[in-house]
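So you can see what is in the structure, the chains are spelled out below.
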Amino acid sequence: MLEVRRAVRAWAGEHLAQGASVAVGLSGGADSLALTAAAVVELGHVDALIVDHRLQEGSGQVAADAAAAALALGCRSAHVLAVDVGSEGGLEAAARTARYAALDAARHGAPVLLGHTLDDQAETVLLGLARGSGGRSIQGMAAYAEPWGRPLLGVRRVTTRQMCADLGRTPHEDPHNLSPEFTRVRLRTEALPLLEDVLGGGVAAALARTAEQLREDGALLDVLADELLEAAKVPGRAAEGPGGVDDEVALSIEMLATAPAALRRRAIRSWLLHGGAKALTDKHLRAVDALVTAWRGQGGVAVGGGTPDTRLVAAREHGRLTLREHDRCLRSD
């Protein structure tokens, strides 16, 4: 119990103003239950937010039990948030989208603490490695990415379970957490135990350390990339209706081409996202980067975003990178 409390205390000392209120995303599982108990002791003003995904029979009762546990532990309030889970991106992704939207809407400006542990961090890093999308995808979860706080990223799952036992609390066991149809479950129950066995233990902690180091490196690279982006901005074409762009959208090819690849791609990524690109992939990013470094007269690159009638296209024009909306019935090149 002390390890979990120390983790919450350390997180609050770095990220939370003294006396501030917090919300806790409580599922009723061991991790979020232990986090809630520790937050009540260490922080005092805690409101519990319980999301009912309504994907399983009896989910309403599970949520009600979690709310009752939160109040018994000393939370100031406990609110059950019933959501409708869509289908986009698969069940896991859709449930996550619905959950985070509900928590964000109910937090009333307070940070929301989530019960992700070191084990969750290791699983996230492995998933990022499998995607092969570069260092950013294996940085894992941050301890604080407003409004989401994760005080337990250095705490093992076995510790939260032991804390619940010490408190006499029986956590809810979500059947989805044991279903092999979900990739993360197979990582948890098959891949990570095998890696621990083959490599002699310590794999989860090593993956978490790697994520932390990459986040630190990434933060510095992002600062340098922002400086490059500002330096590369040049006057663009005046806006011409809904497909026009503001001056700051155009970037100097010469300035980008002379920059290190790691900074150039970060700058381009930031520029694309700021300009409205959606679901940006490594393939998109490298194709736009090739407009700078491997120019052979190729046409523009559609990067997602736009409207039902238009698509967002990055292109090379007269020594500049531009980002404009193009009619979907017209070719960008």
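Given the structure is predicted, the values throughout are model-derived calculations rather than measurements.

Attention shifts here to the environment of Q18. Examined against the element boundaries, Q18 turns out to sit in the loop between α1 (2-15) and β1 (22-25). Look at Q18 and you get exposed, because its relative accessible area is 86%. For the pair Q18 and A191, spaced 173 residues apart in sequence, the C-alpha separation works out to 41 Å.

With that settled, consider the UniProt feature "binding site: ATP" (unreviewed entry) in the protein. Feature annotation in UniProt assigns "binding site: ATP" (unreviewed entry) to the following positions: S27, G28, G29, A30, D31 and S32. Mapped onto the secondary structure, S27 falls in the loop between β1 and α2 (30-43). Residues in contact with S27, not counting those within four places in the same chain, are S32, V62 and A66. A distance of 3.1 Å separates the side chain of S27 from the backbone nitrogen of G29, its partner in a polar contact. Locating S32 in the fold gives a position in helix α2. Judged by its relative accessible area of 5%, S32 falls in the buried class. In terms of polar contacts, S32 uses its side chain to reach the backbone amide nitrogen of S27, at 3.0 Å.

This part is about the pairing of strand β2 (residues 46-52). Counting buried residues along β2, seven of its seven residues qualify, which places the element largely inside the surrounding structure. Remark: the β1/α2/β2 crossover connection has right-handed handedness. One ladder, built from six bridges, connects β2 with strand β3 (residues 77-82); its direction is parallel. Note on β3: the bridge partner recorded for V51 is L81. Assessed by its sense of winding, the connection that carries the chain from β2 through helix α3 (residues 59-73) to β3 is right-handed.

A regular strand places its side chains on the two faces of the sheet in alternate fashion. Side-chain alternation along β1 places V22 and V24 on one buried face and A23 and G25 on a second face that is also buried. Pairing geometry for β1 and β2, over four bridges, is parallel. If you follow A23 over to β2, its bridge partner there is D47. As judged from the two bridges shared by β1 and strand β4 (residues 112-113), these two strands associate in the parallel manner. Each bridged residue has a counterpart across the sheet, and for A23 the counterpart in β4 is V112.

A separate point is helix α4 (residues 91-106). With 16 residues, α4 should reach 22 Å at 1.5 Å per residue; the first-to-last C-alpha distance of 23 Å fits that figure. Of all the positions in α4, only A94, A95, A98, Y100, A102, L103 and A106 are classed as buried. In the core, the buried residues of α4 are packed alongside β1, β2, β3, β4 and β6 (148-149). Within two residues after α4, H108 carries a phi angle of roughly 50°, on the positive side.

This part is about the sheet that holds strand β5 (residues 144-145). Within the open sheet, the six strands sit side by side as β3-β2-β1-β4-β6-β5. Their pairing is mixed. At either end of the open sheet lies a strand with only one pairing partner, and these are β3 and β5. The pairing of β4 with β6 spans two bridges and is parallel. Residue V112 lies in a different strand from β6, and its bridge partner there is W148. Contacts from α2 reach β1, β2 and β4, with the element oriented near 165° to β1. The sheet contacts of α3 involve β2 and β3, and relative to β2 the element is tilted by about 170°.

Rules behind the numbers
- Residues numbered from 1 in each chain as written.
- Predicted model: local features only at pLDDT ≥ 70, side-chain atom pairs only at ≥ 80, totals over all residues.
- Heavy atoms only, no water.
- Helix = DSSP H or I, 4+ residues; strand = E, 2+ residues; numbered from the N terminus.
- Buried < 20%, exposed > 50% of the residue type's maximum accessible area, 1.4 Å probe, protein only.
- UniProt positions renumbered as here; feature names shortened; annotations may be inferred.
- Contact = heavy atoms within 4.5 Å.
- Polar contact = N/O pair within 3.5 Å; in protein donor to acceptor, adjacent residues only side chain to side chain.
- Right-handed = clockwise from strand over helix to strand, strands pointing away.
- Pairing = 2+ DSSP bridges.
- Expected span 1.5 Å × (residues − 1).
- Axes fitted to C-alpha atoms, helices over the stretch in contact; angles between N-to-C directions.

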